[in-house]
Amino acid sequence: MEASYESESESESEAGPGTQRPGTGTVSAAVREHLRKLCLREFPCGAGSWNKSRFLPQTWRTWRELVPREEVVVSPGEETVEALLGLVRSRHSPWALLNNSNAEDSFLRELAIRNPLTITDTFFYSYFRSLRVVDQEVTLVDKDLLKFLKLEELVLSANRIKEVDATNLPPTLKVLELYGNEISSMECLCARPPASLQHLGLGCNKLLGPLESLYVTANHWPNLISLDLGFNNLTDLQSMVTSLRTLRHLRLLVLQGNPLALVPYYRGLAIDSLAQLCVLDDITVSPNEKHLFRGLSLNGDLLAQEAQCVVTIGNIRGVLDTSVLDPEPGPEGPFITYNYYVTYDFVKDEEGEMNESAGVLAEIVKPSPSLELLVEESPEEVVEDVIEDIVEEVTEGVEGSLESEVEESGESELSVISGPSTILQTPRASAEELAKLRLRIDPRLCPSPGTVLFSTAHKPWAEVIPCSYEMQHSLRDLVPLKAFLLAGTTVTIVEEKILSWPVVLPAVDSPLSAKKGKGEKDKKGKEKDRTGKGEKEPAKEWKVPKKKKEPPKELRQDPPILQVLGRGLVILEPLLAGEPLVSTVCNFGVVRTLTSDRLTLARDSKKIKKVAKKAESRDSDLRRRLPP
């Protein structure tokens, strides 16, 4: 018969937020605390005045057993077994089990009623084959675990264990789960690991460094069938698969969630290196995959250790045309223009820094998954973003160029990087002017620490604003990339308002105009002499006066005024878990109102009338010029 014990944390409503959690400290202390709560030696369990006649010496009641069909007589003040069982089974009973109790707890309570004399420490140590101590703030795996002579499964997930002394683990263990703890290295487990262990779960810990691959060999785990190292900070894929190749019995492997799983050839290299593997990252390894990736491990040293992401931004809809709210500009200005663009932050690559002279960020040839970010608003009067993110990892590379402008603000950097066709220029200014300008920067337009802000090209307003943006990100430092995917990226729609004013040039006398005036006077003097001599003045030809072309006005521009129209977080964690695509709709709320729509309609109708009048005047001019 299989027997297990399970202890999980109480809800906050039961234990209270300020009370000390039970079982804090060692595993054995958590087990004892849980058994104490079961009250196996107190009413209605155990032996006491409520059932003492059942435990009198056997010789006193042997004569009763000789009488056929005689019912057992219960002494006054005692309860029958059925009545006691009813007290622990009824939900409304004060002795009922807690809501988070399992079937094993119920079995022990009933056993303590039917046969309370068997409930001893020796019974517990020989009875349990499975122990589950989950979320009990356990920090130490103590040597009292060795008393469990038949223990085969030990689950210590969601605790605060930093190290495990392998000498305190029972040698009979076949399953060991330590998910969600604070273990930073597997070295502590390899001192004297259980030789019969078949499953080891170390997911969601803090395993870090290339040396961790030294502790997953057959020398330490000769019978290991299943290994889960997911969602740690393992980075060296080559060393890891080389060590895992020694585990001849390994059939199930989980490495997703690690930085090493972000490289494009991760799954192919793992499948080709571990021929006996049946399931990788909870996905069955198919014969087609084995055939497709055959021979990849032979060229593993030539593969680049980098992840690659492609970000694509499509269209923006539902943005209010703010120009309808502005008055008509006078001859002295200001002339107001509006532009719109989208920003998003992406992790800064510390190892593969950008080439400052050429602005090259990524070099790839053949992308695998990609991060595609589509900003597409809904047809309703709201600003929405449809963002599709695919992390595309690659074996070879393509060149993608970009221009960047960086402005330092305090300790963080504000870098706006756009596509090849857009260069964001920052006018030079003194330190005092820049200090004044920094005070006006919206903090929502600043990137979070460790990231760089990227921007689409600035476009004028339209019902559908096409961004047509695509950017390739190639990253060699994989640990910050994992942290970035867990945190997500922030997408922002920004309105840029620029006020322009006509430049008034000072009046300057030109020498050409003086010469021209002198020539005209001489010409008039000659004409007077001719008329005095009786010469006739030649007839003047009638000429159509030509309109003088006015030179374009020179305008000076004020610093742009930026306003955030919408901002939302895009969750990228599924990409870390192996998903090729994340699709999200960000509803930024209603920005267009009935008043603004009426003003837009009135402005458009005026434009239509002006165009119609111009067409009419053109037609009337043509009719007058044509002969009858």
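Residues numbered from 1 in each chain as written. Predicted model: local features only at pLDDT ≥ 70, side-chain atom pairs only at ≥ 80, totals over all residues. Heavy atoms only, no water.

Quick look at the overall build of the protein chain now. If you tally the helices and strands in the protein chain, you get 14 helices and 24 strands. Per-residue burial over the protein chain gives 40% buried out of 628 residues. Within the protein chain, contacts between residues separated by at least 24 positions form 73% of all contacts whose residues are at least 6 apart in sequence. About 37,100 Å² of surface is accessible on the protein chain, with carbon and sulfur atoms providing 54% of the total. (Helix = DSSP H or I, 4+ residues; strand = E, 2+ residues; numbered from the N terminus. Buried < 20%, exposed > 50% of the residue type's maximum accessible area, 1.4 Å probe, protein only. Contact = heavy atoms within 4.5 Å. Areas by Shrake-Rupley, 256 points an atom, 1.4 Å probe, with all protein chains shown as cover.)

It is the contact of helix α7 (residues 237-244) with helix α8 (residues 266-273), at a shortest axis distance of 10 Å, that shows an interaxial angle of 25 degrees. One way to sum up the angle between α7 and α8 is to call them roughly parallel. Crossing of α7 against α8: the hand is right-handed. Listed contacts from α8 to L237, Q238 and V241 of α7 are Y266, L269, A270 and S273. Of the residues that constitute the contact of α7 with α8, the class distribution is five nonpolar, two polar and no charged. (Axes fitted to C-alpha atoms, helices over the stretch in contact; angles between N-to-C directions. Parallel < 35°, antiparallel > 145°, perpendicular 65-115°, else oblique. Left-handed = near helix turned anticlockwise from the far one by under 90°. Nonpolar A, V, L, I, M, F, W, Y, C, P; charged D, E, K, R; others polar.)

Residue P44 follows F43 across a cis peptide bond; omega there is 5 degrees. By the secondary structure assignment, P44 is in the loop between α2 (27-38) and α3 (62-66). Although it is not a glycine, E137 sits at a positive phi angle of roughly 55 degrees. By the secondary structure assignment, E137 is in the loop between β3 (130-134) and β4 (138-140). One non-glycine residue, A158, lies in the positive phi region at around 55 degrees. Positionally, A158 belongs in the loop between β5 (153-155) and β6 (175-177). Residue class for A158 comes out partly exposed when judged on its relative accessible area of 35%.

Tracing the backbone shows T456 in the loop between β19 (451-455) and β20 (464-475). Assessed through its relative accessible area of 0%, T456 is described here as buried. Ignoring anything within four residues of it in the chain, the contact list for T456 reads I313, Y341, V342, C467 and Y469.

Here the focus is the pattern of salt bridges. A complete count under the given rule lists eight salt bridges for this structure. Between R89 and E110 there is a salt bridge, with the nearest N and O atoms lying 3.0 Å from each other. Here E110 lies in helix α5 (residues 103-114) and R89 lies in helix α4 (residues 81-89), a separation of 21 residues in the sequence. The class of R89 is partly exposed, set by a relative accessible area of 48%. (Salt bridge = Lys/Arg side-chain N within 4 Å of Asp/Glu carboxyl O.)

So, on to the state of the cysteines. In protein structure, a disulfide is the covalent linkage between the sulfur atoms of two cysteines. Overall, the coordinates contain zero disulfides when judged by the stated rule. Among the cysteines around C188, which has no disulfide bond, C190 carries the closest sulfur, lying 7.9 Å off. (Disulfide = S-S within 2.5 Å.)

Attention now goes to the packing of aromatic side chains. According to the stated counting rule, one finds twelve aromatic pairs in the structure shown. Look at Y344 and F454: their rings are 5.5 Å apart centre to centre, the planes differ by 15 degrees, and that puts the pair in the stacked class. Linking Y344 in strand β13 (residues 335-347) with F454 in strand β19, this pair joins segments that are 110 residues apart in sequence. Classification of Y344 by relative accessible area gives buried; the value is 1%. Taken together, a centroid distance of 4.9 Å and an interplanar angle of 55 degrees make the contact between F346 and F484 tilted. Of this pair, F346 sits in strand β13 while F484 sits in helix α11 (residues 478-487), placing them 138 residues apart in sequence. (Phe/Tyr/Trp six-rings, centres within 6.5 Å; stacked < 30°, edge-to-face > 60°.)

Looking at soluble globular proteins, one finds that nonpolar side chains tend to be buried together. Residues L229 and L244 are the most contacted members of the largest nonpolar core, which totals 107 residues. With six residues, β13 is the largest single contributor of residues to this core. Filtering out sequence-adjacent residues up to four positions away, L244 remains in contact with V216, L227, L250, L253, L255, L274 and Q276. (Core = buried A, V, L, I, M, F, W, Y, C linked by side-chain atoms within 4.5 Å.)

Remark: the alpha-carbon pair of A158 and G180, spanning 22 residues in sequence, is separated by 4.6 Å. The residues touching A158, leaving out its near neighbours within four places in the chain, are V134, D135, Q136, Y179, G180 and N181.

In this section: the pairing of β19. Along any regular strand, the residues point their side chains to alternate faces of the sheet. Most of β19 is tucked away: five of the five residues are buried. The alternating pattern of β19 places T451, L453 and S455 on one face and V452 and F454 on the opposite face, and all of these are buried. Strand direction decides the pairing type here: β13 and β19, joined by five bridges, are antiparallel. Paired with D345 across the two strands is L453, which belongs to β19. (Pairing = 2+ DSSP bridges.)

Burial runs high along α7: six of the eight residues are buried. Of the residues making up α7, those classed as buried are L237, Q238, M240, V241, S243 and L244. Each element contacted by the buried residues of α7 is listed here: β8 (226-228), β9 (252-254) and α8. Its side-chain oxygen at 3.4 Å from the backbone nitrogen of Q238, D236 defines the N-terminal cap of α7. (Polar contact = N/O pair within 3.5 Å; in protein donor to acceptor, adjacent residues only side chain to side chain.)

Moving on: the packing of α4 against α5. Remark: α4 packs on α5, axes separated minimally by 10 Å, with the N-to-C direction vectors making an angle of 160 degrees. Judged by the angle between their axes, α4 and α5 are roughly antiparallel. The two elements α4 and α5 cross, and the hand of that crossing is right-handed. Of the residues in α5, those in contact with V81, L84, L85, V88 and R89 of α4 are R109, E110, I113 and R114. Class assignment of the residues belonging to the contact of α4 with α5 gives a composition of five nonpolar, no polar and four charged.

Within the secondary structure, P574 sits in helix α13 (residues 573-576). Classification of P574 as partly exposed rests on a relative accessible area of 31%. Each C-alpha atom of the pair P574 and L485 lies 8.4 Å from the other, and the pair is 89 residues apart in sequence. When sequence neighbours within four positions are dropped, the list of residues in contact with P574 reads E579 and V582.

On to the environment of N233, then. Tracing the sequence through the fold places N233 in the loop between β8 and α7. Once the C-alpha coordinates of N233 and K206 are considered, the two residues, 27 residues apart in sequence, prove to be 6.4 Å apart. Apart from the residues lying within four places of it in its own chain, the contact partners of N233 are L207, L208, G209, N258, P259, V479 and K482. Engagement of the side chain of N233 in a polar contact is seen with the side chain of K482, the distance being 3.1 Å.

Right, let's talk about the confidence of the model for the protein chain for a bit. In the predicted model, the protein chain carries a mean pLDDT of 74, and the fraction of residues at 70 or more is 65%. Scored below 50 in pLDDT, residues 10-23 makes 19 contacts in the model with residues more than four places away or belonging to other chains. Of the regions scoring below 50 in pLDDT, residues 352-372 engages in 82 contacts with residues more than four places distant in sequence or in other chains. (pLDDT = per-residue confidence, 0-100.)

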